[in-house]
Amino acid sequence: ENLGVPDVEPGLVPALLALPLTQRTAVWLVHACGWPYSEVAEALGTSRSMVGNHVSRGLETLRRRLGVETHA
């Protein structure tokens, strides 16, 4: 029975927790909560471009830790 809880990769939470706090926060707010970069930047007291850097680096690390291959 599914109680409205999405299926989540079992390694995702430990991989997220292993990220530096700023990367984890930026990735979570953008991808889990749907916040725009401008709001994340305001909340973190940084620039939109730094939010982009945090998200990009965080996702790269998550993909590597979870063994996700990307083909650009």
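Look up: the structure comes first, before these words.
Residues numbered from 1 in each chain as written. Predicted model: local features only at pLDDT ≥ 70, side-chain atom pairs only at ≥ 80, totals over all residues. Heavy atoms only, no water.

**Q** A description of the pattern of salt bridges should follow, citing residues and the corresponding values.
**A** Counting across every chain of the model gives 1 salt bridge. Across the pair glutamate 60 and arginine 64 runs a salt bridge whose closest N-O atoms are separated by 4.0 Å. Within this pair, glutamate 60 and its partner arginine 64 are both found in helix 4 (residues 48-66), separated by 4 residues, close to a single helical turn. A relative accessible area of 48% places glutamate 60 in the partly exposed class. (Salt bridge = Lys/Arg side-chain N within 4 Å of Asp/Glu carboxyl O. Helix = DSSP H or I, 4+ residues; strand = E, 2+ residues; numbered from the N terminus. Buried < 20%, exposed > 50% of the residue type's maximum accessible area, 1.4 Å probe, protein only.)

**Q** Go over helix 4 with me, naming the residues and quoting the values.
**A** The terminal C-alpha atoms of helix 4 lie 27 Å apart, and with 19 residues this matches the ideal 27 Å at 1.5 Å per residue to within 8%. Those residues of helix 4 lying buried are Val51, Gly52, His54, Val55, Gly58, Leu59, Thr61 and Leu62. Lining the buried residues of helix 4 we find helix 1 (12-18), helix 2 (21-32) and helix 3 (37-44). After helix 4 finishes, the residue glycine 67 shows a positive phi value of roughly 70°. (Expected span 1.5 Å × (residues − 1). Contact = heavy atoms within 4.5 Å.)

**Q** Requested: an account of the side chain of histidine 54, with residues and values cited.
**A** By the secondary structure assignment, histidine 54 is in helix 4. When near neighbours in sequence (up to four residues on either side) are disregarded, histidine 54 contacts Thr22, Gln23, Ala26 and Val27.

Taken by themselves, the reported measurements are silent on function.
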